[in-house]
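The chain contents come next:
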Amino acid sequence: MVEPILKVSGLVKRFGGLTATDNLSLDVRPGEIHALIGPNGAGKSTLIGQLVGEITPDAGSVMFLGHDVTRASVPARVKLGLGRSFQIVQLLDEETALANVALAVQAHAGHSFRFWRRADADERLLAPARALLDQVDFPPARRAARVADMSAGERKVLELAMVLAGGPRLLLLDEPMAGLGAGESIRMTDTLRALKGGPAMLLVEHDMEAVFALADRITVLVYGRAIATGTAEEIRANPAVQEAYLAEEGA
Ligand SMILES: Nc1ncnc2c1ncn2[C@@H]1O[C@H](COP(=O)(O)OP(=O)(O)OP(=O)(O)O)[C@@H](O)[C@H]1O
């Protein structure tokens, strides 16, 4: 059997009397897009917090690439290859799209951030930055535009390119479709699909169309518990899921 990239076992997180993560186990396999869905308050953000290292679990373990990271710091996990989008990247509004990505390349290359102003003049940073923008299909005509003048969709794609600059082995995608229009969501879905086979992805998303279009497997979370894991077809057909979630969402 192939070793999973991420393996969560028996994870528990309580907030007072409320169990936000209730003996949760799941894994993400190499190359897989694994979606995590569930109604509001199901515990998706709490789980992401424990995966990135911002929330300490009360019990259970998180294994990442064979390392026990249950209590590891955020930077230690990033160093091992955990990439998180879309809530952690800070875009520089006054800089161009290309300069922002060049800076991300520079940050991950270990150069000093003090000289960031020169990032957009250094071909050693610009060439990989252009390649990353190609990878996320960011239009060449918009690469010299200021980030301040960009749409929500453009900003999100840019953030994705910046997270990819770190060469992550696992991408935690925290509601990539949130705040996007219908056309932008479709483009983001296409972009994420094109990245398949690269980093494995754990996708937290309310947009069911995107989830069903992208996910190899889906885990349904309700009151902190995983009530089902399976392919899109299996999840659609699961009566417990329909009762707990999909019917309510009208999907
Ligand atoms: N810091 C905290 N202190 C107390 N309760 C919390 C805290 N963080 C989350 N909770 C509670 O834990 C439960 C799970 O919340 P969480 O935000 O993880 O759900 P979610 O699935 O991400 O919801 P949404 O889809 O609305 O983002 C909720 O009942 C929430 O009120």
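Quick caveat: nothing in here was measured; it's all calculated off a predicted structure.

Novice: A description of the overall build of the chain should follow, citing residues and the corresponding values.
Specialist: Each helix and strand in the chain was counted, giving nine helices and 10 strands. Relative to the globule expectation of 18 Å for 251 residues, the C-alpha radius of gyration of the chain, 19 Å, shows essentially globular dimensions. Counting only C-alpha atoms, the chain reaches 55 × 40 × 40 Å along its principal axes. A burial count over the chain gives 39% of its 251 residues as buried.

Novice: Which residues make up the packing of helix 3 (residues 97–109) against helix 4 (residues 123–135), and what values do they have?
Specialist: Contact geometry of helix 3 with helix 4 gives a least axis separation of 8 Å together with a crossing angle of 110 degrees. Put simply, helix 3 runs roughly perpendicular to helix 4. When the axes of helix 3 and helix 4 are compared, the crossing they make is right-handed. Contact with helix 3, carried on its side by Leu98, Val101, Ala102, Val105 and Gln106, involves Leu125, Leu126, Pro128, Ala129, Leu132 and Leu133 of helix 4 and no other residues of that element. Split by residue class, the contact of helix 3 with helix 4 holds 10 nonpolar, one polar and no charged.

Novice: For the site of the ligand, give the residues involved together with the corresponding values.
Specialist: Close to the ligand lie Phe15, Leu18, Ala20, Gly38, Asn40, Gly41, Ala42, Gly43, Lys44, Ser45 and Thr46, which account for all nearby residues. Here the shell around the ligand takes three residues from helix 1 (residues 44–52), the largest share from any one element. Its residues placed into classes, the shell around the ligand shows four nonpolar, six polar and one charged.

Novice: Account for the sheet that holds strand 10 (residues 225–230), with residues named and values stated.
Specialist: What the six strands build is an open sheet, ordered 6-7-8-3-9-10; its pairing is mixed. The sheet is open, and its two borders are formed by strand 6 (82–85) and strand 10, each paired with just one other strand. For this sheet the average axis-to-axis angle between neighbouring strands, irrespective of direction, equals 20 degrees. In the sheet, strand 6 pairs with strand 7 (residues 170–174) via four bridges, with the strands oriented parallel. Among the inter-strand pairings, Ser85 is bridged to a residue of strand 7, identified as Leu173. Along the sheet, helix 1 makes contact with strand 3 (33–37), strand 6, strand 7, strand 8 (200–204) and strand 9 (217–222), crossing strand 7 at roughly 150 degrees. Taken strand by strand, helix 5 (residues 152–164) contacts strand 6 and strand 7, and its axis lies near 170 degrees from that of strand 6.

Novice: Tell me about the packing of helix 5 against helix 6 (residues 182–194), residues and numbers included.
Specialist: At a closest axis distance of 10 Å, the pairing of helix 5 and helix 6 adopts a crossing angle of 15 degrees. By the angle between their axes, helix 5 is roughly parallel relative to helix 6. Between helix 5 and helix 6 lies a crossing of right-handed hand. Taking contact as the criterion, the partners of Ala152, Gly153, Lys156, Val157 and Leu160 in helix 5 are, on helix 6, Glu184, Arg187, Met188 and Thr191.

Novice: Outline helix 6, supporting the account with residue identities and numerical values.
Specialist: Here helix 6 is 13 residues long and its end C-alpha atoms lie 19 Å apart, about the 18 Å a rise of 1.5 Å per residue gives. Among the residues of helix 6, Ser185, Met188, Thr189 and Leu192 are the ones counted as buried. Down the axis of helix 6, the sector holding all buried residues measures 105 degrees, keeping them to one side. The exposed residues of helix 6 that point more than 90 degrees off its buried face are Gly183, Asp190 and Ala194. Looking at the buried residues of helix 6, the elements they touch are helix 5 and helix 7 (208–214).

Novice: Talk me through the sheet that holds strand 2 (residues 18–28); I want residue IDs and the actual numbers.
Specialist: Strands sit in the order 2-1-4-5 across an open sheet of four strands; the sheet is antiparallel. If you trace the sheet from one side to the other, it starts and ends with strand 2 and strand 5 (67–68), each paired once. Inspection of the sheet shows strand 1 (residues 6–15) paired to strand 2 by eight bridges, in the antiparallel sense. Directly across from Leu6, in strand 2, lies its bridge partner Val28.

Novice: So, the confidence of the model for the chain: which residues are in play, and what are the values?
Specialist: Averaged over the chain, the pLDDT score is 90; the fraction of residues at 70 or greater is 91%. Among the scores for the predicted complex, ipTM is 0.95 and pTM is 0.90.

Novice: Mind laying out helix 5, listing which residues take part and the relevant values?
Specialist: The terminal C-alpha atoms of helix 5 lie 18 Å apart, and with 13 residues this matches the ideal 18 Å at 1.5 Å per residue to within 8%. Those residues of helix 5 not exposed but buried are Arg155, Lys156, Val157, Leu158, Glu159, Leu160, Ala161, Met162, Val163 and Leu164. Where helix 5 is buried, its residues meet strand 6, helix 3, helix 4, strand 7 and helix 6.

Novice: Go over the environment of Val222, please, and point to the residues and values.
Specialist: Take Val222: it is sitting in strand 9. Owing to 20 C-beta atoms within 10 Å, Val222 belongs among the buried residues under this scheme.

Analysis parameters
Residues numbered from 1 in each chain as written. Predicted model: local features only at pLDDT ≥ 70, side-chain atom pairs only at ≥ 80, totals over all residues. Helix = DSSP H or I, 4+ residues; strand = E, 2+ residues; numbered from the N terminus. Rg over C-alpha atoms; globule rule 2.2 N^0.38 Å. Buried ≥ 20, exposed ≤ 12 C-beta atoms within 10 Å, placed from the backbone. Axes fitted to C-alpha atoms, helices over the stretch in contact; angles between N-to-C directions. Parallel < 35°, antiparallel > 145°, perpendicular 65-115°, else oblique. Left-handed = near helix turned anticlockwise from the far one by under 90°. Contact = placed C-beta atoms within 7 Å. Nonpolar A, V, L, I, M, F, W, Y, C, P; charged D, E, K, R; others polar. Near = placed C-beta within 6 Å. Pairing = 2+ DSSP bridges. Expected span 1.5 Å × (residues − 1). Arc of directions from axis to C-beta. pLDDT = per-residue confidence, 0-100.

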